[in-house]
Every structure is written in C-alpha cells, then in structure tokens.
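Structural features, examined
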Amino acid sequence: MSSVSKTFGRVLGAALGLTVLATTAQADRFTFRIGSGHPKGPAPYVTTMSDFFVAEVKRRAAEETDHSVNFIESYGGGIAGVSETLEAVQQGLLDFGGFCVCFEPSNLYLHNFPYFEPFGPQASSDAIAAVRVVYDKNPWLSEVFEEEFGQHLLGLGAWDNYHLGTKEAWSKVSDLKGIKIGGAGPNLPWLEYAGAVPVQSSLPEGYMALKTGVYDGWLMTPAGYNGFKYYEPAPYYTLIGYGAMPVVVLTMNANKMAGLPEDLRQIIEEVGMEWENRNGQAMDDSQAAGLAALRENGAVITELPEEVRAEWAQSLAEFPRKSAKEADSRGMPGTKVMQDFIDAAKAAGHVWPVEYDLK
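Everything numeric in this text was worked out from a predicted model, so none of it was measured.

**Some words on the overall build of the protein chain**
Helix and strand counts for the protein chain come out as 13 helices and 11 strands. With the C-alpha coordinates of the protein chain rotated into their principal frame, the extents come out at 95 × 45 × 30 Å. Out of the 359 residues in the protein chain, the part that is buried amounts to 53%. In the protein chain, the share of contacts with a sequence separation of at least 24, taken over all contacts with a separation of at least 6, comes to 76%. Accessible area for the protein chain stands at about 15200 Å²; split by element, carbon and sulfur atoms hold 53% of it.

**So, the sheet that holds strand E4 (residues 151-159)**
The strand order across the open sheet built from five strands is E2-E1-E3-E10-E4, with neighbouring strands paired in mixed fashion. Among the strands making up the open sheet, the edge pair consists of strand E2 (68-74) and E4. Each strand of the sheet is rotated relative to its neighbour by a mean of 20°, with strand direction disregarded. Sheet analysis places strand E1 (residues 29-36) next to E2, joined by seven bridges and oriented parallel.

**Examining helix H6 (residues 140-149)**
For H6, the complete set of buried residues consists of Leu141, Val144, Phe145 and Phe149. Relative to the axis of H6, the buried residues are bounded by an arc of 95° and lie together on one face.

**A word on a negative patch on the surface**
Taken together, Glu143, Glu146, Glu147 and Glu148 make up a surface patch of like negative charges. When you line up the elements, Glu146 lands in helix H6.

**Examining the sheet that holds strand E7 (residues 197-200)**
Pairing in this open sheet of six strands is mixed, and the strands run E7-E6-E8-E5-E9-E11 from one edge to the other. Either end of the sheet is taken by a strand with one partner, and the two such strands are E7 and strand E11 (300-303). Taken pair by pair, the neighbouring strands of this sheet meet at an average axis angle of 25°, ignoring direction. With four bridges connecting them, strand E6 (residues 180-183) and E7 associate as parallel partners. By the bridge assignment for E7, Gly183 is matched with Gln200.

**Section: the packing of aromatic side chains**
The final tally for this structure, using the stated rule, is 24 aromatic pairs. Summarising the aromatic geometry, the rings of Tyr215 and Trp218 are spaced 5.6 Å apart at their centres and angled 35° between planes, so their arrangement reads as tilted. Taking the relative accessible area as the measure of exposure, Tyr215 reaches 1% and is therefore buried. Ring centres of Trp352 and Tyr356 lie 5.6 Å apart, and the angle between their planes is 65°; this geometry places the pair in the edge-to-face category. In textbook terms, an aromatic cluster arises when at least three aromatic residues are bridged by ring pairs, as seen for Tyr115, Phe119, Tyr162, Trp190, Tyr242 and Trp312. Taking NZ or CZ as reference, Arg330 lies 4.1 Å from the ring centre of Tyr109, over its face.

**Structural notes on the nonpolar core**
Ranked by size, the top nonpolar core spans 107 residues in total, and within it Phe32, Phe53, Phe113, Tyr115, Trp159, Ile268 and Trp312 carry the most contacts. Counting residues per element, this core draws most heavily on helix H2 (residues 44-64), which supplies eight residues. Beyond its immediate sequence surroundings of up to four residues, Ile268 is in contact with Phe32, Phe53, Val57, Phe96, Leu154, Met252, Met257 and Leu260.

**Considering the pairing of strand E8 (residues 217-220)**
Neither face of E8 is left uncovered, since the one carrying Gly217 and Leu219 and the one carrying Trp218 and Met220 both have all their residues buried. Pairing analysis gives four bridges linking strand E5 (residues 163-166) to E8, with the strands arranged antiparallel. What sits directly across from Gly165, in E8, is Trp218. Direction of pairing for E6 relative to E8: parallel, over a ladder of two bridges. For Gly182, the partnering residue across the bridge sits in E8 and is Trp218.

Rules used in this analysis
- Residues numbered from 1 in each chain as written.
- Predicted model: local features only at pLDDT ≥ 70, side-chain atom pairs only at ≥ 80, totals over all residues.
- Heavy atoms only, no water.
- Helix = DSSP H or I, 4+ residues; strand = E, 2+ residues; numbered from the N terminus.
- Buried < 20%, exposed > 50% of the residue type's maximum accessible area, 1.4 Å probe, protein only.
- Contact = heavy atoms within 4.5 Å.
- Areas by Shrake-Rupley, 256 points an atom, 1.4 Å probe, with all protein chains shown as cover.
- Pairing = 2+ DSSP bridges.
- Axes fitted to C-alpha atoms, helices over the stretch in contact; angles between N-to-C directions.
- Arc of directions from axis to C-beta.
- Patch = residues over 30% accessible without salt bridge, like charges linked within 9 Å, V, L, I, M, F, W, Y side chains within 5 Å.
- Salt bridge = Lys/Arg side-chain N within 4 Å of Asp/Glu carboxyl O.
- Lys, Arg positive; Asp, Glu negative; His and termini not counted.
- Charge placed at Lys NZ, Arg CZ, Asp CG, Glu CD.
- Phe/Tyr/Trp six-rings, centres within 6.5 Å; stacked < 30°, edge-to-face > 60°.
- Lys NZ or Arg CZ within 6 Å of the ring centre and 35° of its normal.
- Core = buried A, V, L, I, M, F, W, Y, C linked by side-chain atoms within 4.5 Å.

As structure tokens, then:
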C-alpha cells in the first residue's frame, strides 16, 4: 500500500472514530419539545406540566442516569392550539403534549365521559381517582392513543369543579332562557334545561368574546374564570357544582418514546403517573384559590339552591344514556365505561343527585 493510501486510511479511521464518539455523546443528550394550547398560569394543569413534570424528569435524569435532558417549552398555543395538540404530538411537532379531550369530540368522543355524567365528584382529587379506576378497567381508553394517534398516555389531569359565570345577575333557571353561553363542547348540553343558547368556544378566546357580546356567559371552573379574567366582562359567578372534570391528558409521541434508553423511558412513565397523582390536590387547591381570588377581584358569587340543582340534574337524566348509546353505536365500550364511572364514584362515597340509568 502506498504512503498516500496509508495516510488516507489513518485519516479516515480517525474521522470515523470521532464520528462514533460524537454519536455516542450526542445519544446521551436529549432535547424534548413539550407544549399545550393553554397557557401556564391560568391553566393549572399546564403549570404542573412545567413546574413538576419537566423539572422532575430533568432532575431524575441528571441524578439517576448518564443522560442530559432539556425541554423546549411552548404553552399558550406557541406550537399547537387547544384543538391541535393531539395532532401535533402524532406528527412529532411536539414530543409531549397536554390537552383537554373536550377539543377532540370526534377523535376522542368517549374519553369525554365525565362530561356526559354531570354532577359527579366535586373535588378534583376524587374525580381523578374515579376516572383512573375506569381507565384501569377499560384498557381500550389508553390503547386508542397509541393505536390510532401514535402516542403514549402518561397521565390524567383535570379541570376543577364547573360553575357558571354571566354578564348579568340571575336568580332562577328561567332567567337564562335565550342567553348565549360559551363552553368547551361536551358540557354545552348541560344548558339545555335552562333554555340557554350554547356556543362552542375555547378559553383563550373567551375574554374578548364576552367583552364584545359574542356570548353572555361561560361554563368554567373558578381557577380558569379568574385566571383568564372573565370576571371583568362577566362578574356574576353562580356555584352550581357540575363536578370536576378529569378530561385532561399528558401524552408522548410513541416513536420518540420507543427510541429512548430504557432507564429514561422508565423515568418519564413514572413521573407521568406522579404528575397525575399531584393534579387532584393541585386542582383542589386551585379551586379554593380561584374562588378567593374571584371574591377579591370583585366577582359577585352566589350559590344555587340545592332543590334547583337537583331539578337541573333530573332534567339531564337522559343525557348519559344517549351519550353511552352513541358511543356504543360507534363501536366503543360506551355503556361499560360510563357505568364504571358511576360505580367508581359511588364506591368512593359520592352521592349522585340523580340515579343515571344507562339501559
């Protein structure tokens, strides 16, 4: 072999060696994109994504593995809006996404089952615990994310207890007849008894829509109502107690997860469940803080009399059955999932104001 060939071989070998070293080193550094259509702060589940999930994955990776983990955080629709996050994770625009399944009424119809059974558990911690029982009894709910949308379900979040805010005061249900009220879709049927006019909307656009008269009220939790300052255009907040709604999920792109080292996958899955376990108390604390803040910010808070609440619940008695049958007709385990939720809530001590019959 000529000296030129030998020299070329040595250079090529060295270059290949450097490439291998660089590839090995690079494999130990991971940068993930995590996002949500809702902003951090006004939406508490996003706050826990950032302050707990992101921080804990980074901490544990640094302390327990040889991997270096960083996150690019994009909340408030920076990469994907509230109705785009499922698809963004599926396509890999986001590695992790947090979103409310209420904005996926077609893709994730049955996952909205807590909305289909209003007046359920009032505390978010109780509601998440009941919904976790349902997910564990019905693996189909988790499998849908992976099989149809290429992502892995890491944990459940929630909205705290839903109430009704309006621009004008009202004292009886009939006062709401003809009033336009915004909501997230699956909760809009709750307004049917009142004769209100439901309007599909989302939290980020609600303030301006209330201010400009697109609608005159909003179905929302105390934390959300205060965080998005809805009390300014619509200061009357009536405590109705439709129930806490565990309809928030945190997912990860399945291909991304499959390509990770086993130790890092395990950390992500464990922290995802810890995120779920913390969300109930976080939302309960958020509701208490939200109500206190609403009072401090001048909202007029009243409580719906129990007899009116029971009457409202009775008027919706057919809604769960219709929703279950609709899911069944789509080839989903609707009746079983919804009955499991009723039973799980009862087992935990919740008393439903009306006995929903799904048969």
